[in-house]
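# Examination of the molecular architecture
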Amino acid sequence: MTAALSVRAVSKRYGSTTALDAVDLQVGAGELVGLLGPNGAGKSTLVKIACGLVRPTSGEVEVAGAPAGSRVARASLGYLAELFRFPGWARADEVLALHQRLARSDGGAAERETLLARVGLDGEGGRRMETMSKGMQQRLGIAQALIGDPRLVLLDEPTSALDPGGRRTVRDLLVGLREQGVGVLLNSHLLSEVELVCDRVVIVDGGRVVTEGPPERLTSPGGVEVETGDGVRRLPNARREDVPRIVRELVDGGSEIYGVRVISGTLEDAYLAAVTGRDR
Ligand SMILES: Nc1ncnc2c1ncn2[C@@H]1O[C@H](COP(=O)(O)OP(=O)(O)OP(=O)(O)O)[C@@H](O)[C@H]1O
Ligand SMILES: [Mg+2]
């Protein structure tokens, strides 16, 4: 099956600044990939190259099998820019209608209503941008990115302004996209969210991919905690497979067990280990 996004050996230089250096990245159909990295790492540059807004200095980029920037590629993707702004006078419905025209979607009012509902803005189509909170505008921005059922959705920090309820809404929406076979590249600094929803993460630093893999493979085990009648015991070097033996030994030794927890490291730990201490 054709990948939703295929990036091969892409480099981008702005004068003497190397924003991307031989980056390879794939997003499969129905795959949710988190793109992480420090400020200035090159994440937005990569997303703009995928959109065809920025031309790579070298390398190949394809969206749904078509060269990035081509008409087919542009028609196959939805994009929410990191610093977007809709005109204050426009109503939510007008913003969506404009983007429907730009995307050549014939979904009409039904598509606009469905999209507003998907981002938790049901019935808000008549609201002007200037009366909407930042989070509401961000929700609208996500709705805009989904116009025309794109095969690839590029979201550059889509939840930075959202409240916890809004983040949950977006997480559910992303899971729905995965089920529909849409590829998603999610650029975010909210690692706990990325960890919850992404199939795979790619960490970039200084324009290079420094680590990638499923979140659970990147995080390291953090030991086992056992709650006994004498209190909580922490066994920092124990792993999940040690639990039966630990419990047996404690019970044989006369302890009562009230709970056992296998602790895993967080994606944040893995991220910091991957990027800290590198020259930038
Ligand atoms: N149009 C441009 N002209 C010159 N340099 C640029 C341009 N756009 C980006 N850069 C540089 O390219 C590098 C990567 O920037 P980019 O915006 O891709 O980072 P980012 O990973 O998205 O960071 P952030 O987390 O802050 O959004 C930075 O050094 C930045 O200064
Ligand atoms: Mg950015």
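Please read all numbers here as calculations on a predicted model, not as lab measurements. (Residues numbered from 1 in each chain as written. Chains lettered and ligands numbered in written order. Predicted model: local features only at pLDDT ≥ 70, side-chain atom pairs only at ≥ 80, totals over all residues.)

### Thoughts on the site of ligand 1
Every residue close to ligand 1 is listed here: Tyr 14, Thr 17, Ala 19, Gly 37, Asn 39, Gly 40, Ala 41, Gly 42, Lys 43, Ser 44, Thr 45 and Glu 82. Listed by contribution, the elements that provide at least two residues to the shell around ligand 1 are β2 (17-27) and α1 (43-51). No other element matches α1, which puts three residues into the shell around ligand 1. Here the shell around ligand 1 is built from residues that sort into three nonpolar, seven polar and two charged. (Near = placed C-beta within 6 Å. Helix = DSSP H or I, 4+ residues; strand = E, 2+ residues; numbered from the N terminus. Nonpolar A, V, L, I, M, F, W, Y, C, P; charged D, E, K, R; others polar.)

### Thoughts on the pairing of strand β3 (residues 32-36)
Of all five residues in β3, five are buried, a share of seventy percent or more. Burial along β3 is two-sided: the face carrying Leu 32, Gly 34 and Leu 36 and the face carrying Val 33 and Leu 35 are both buried. Here β3 pairs with strand β8 (residues 183-187) via four bridges, running parallel. Bridging from a neighbouring strand, Leu 32 pairs with Val 184 of β8. Inspection of the sheet shows β3 paired to strand β9 (residues 200-205) by four bridges, in the parallel sense. Note that in β9 the partner of Val 33 across the bridge is Arg 200. (Buried ≥ 20, exposed ≤ 12 C-beta atoms within 10 Å, placed from the backbone. Pairing = 2+ DSSP bridges.)

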